[in-house]
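Remarks on the overall topology
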Amino acid sequence: VYFCKAEVAGGMDPRMQDTHIIELYADSLWLEKGLSANTISAYRQDLQAFSDWLASRGQSLLSISKADVLSYLGAQRAAQRGCYPACAAFIGCSAASSV
């Protein structure tokens, strides 16, 4: 699913924009793929967690790069595994300083 920036309301603050993007995506999952309410809810929660992580770094869904996604995934992996700082640093996650 692709969203053009015009679909996202222009004067919204970035957090509201992210929420709007997540809702548009959830709607498209239901309309185009017919996914169940539970599956869509899980997608919504995961995307909101990613959006919250981005906001803590001063970013939004409209400004991310592949490196941001990989950094987030690394942080999640380290948090789930309880990685040691060296491991967390190796996989490039920002959790290295908090483990």
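Everything discussed here concerns the structure shown above.
What comes next is a walk through the structure. Just so it is clear, the structure is predicted and the values come from calculations on it, not from any experiment.

Some words on the environment of Asp52
Relative to the helices and strands, Asp52 is located in helix α2 (residues 37–56). Exposure remark for Asp52: the relative accessible area of 34% places this residue in the partly exposed category. Taking C-alpha positions, Asp52 is 8.3 Å from Arg15, a pair spaced 37 residues apart along the chain. A distance of 2.9 Å separates polar atoms of two side chains, one belonging to Asp52 and the other to Arg15.

Focus on the pattern of salt bridges
All told, the structure shown has two salt bridges when counted by the stated rule. Arg15 is the partner of Asp52 in a salt bridge, and the nearest nitrogen-oxygen pair spans 2.9 Å. On the criterion of sequence distance, the pair formed by Asp52 in helix α2 and Arg15 in helix α1 (residues 14–33) is long-range, its members being 37 residues apart. Judged by its relative accessible area of 40%, Arg15 is partly exposed. Here Arg44 makes a salt bridge to Glu23, at a shortest N to O gap of 2.8 Å.

Structural notes on the nonpolar core
Nonpolar side chains in soluble globular proteins generally cluster together in the buried interior. Among the nonpolar cores identified, the biggest contains eight residues, and these are Ile21, Ile22, Phe50, Trp53, Leu54, Leu61, Tyr72 and Ala75. Residue assignment for this core shows that the elements contributing at least two residues are α1, α2 and α3 (66–81). With three residues, the top contributor of residues to this core is α2.

About the cut-offs
Residues numbered from 1 in each chain as written. Predicted model: local features only at pLDDT ≥ 70, side-chain atom pairs only at ≥ 80, totals over all residues. Heavy atoms only, no water. Helix = DSSP H or I, 4+ residues; strand = E, 2+ residues; numbered from the N terminus. Buried < 20%, exposed > 50% of the residue type's maximum accessible area, 1.4 Å probe, protein only. Polar contact = N/O pair within 3.5 Å; in protein donor to acceptor, adjacent residues only side chain to side chain. Salt bridge = Lys/Arg side-chain N within 4 Å of Asp/Glu carboxyl O. Core = buried A, V, L, I, M, F, W, Y, C linked by side-chain atoms within 4.5 Å.

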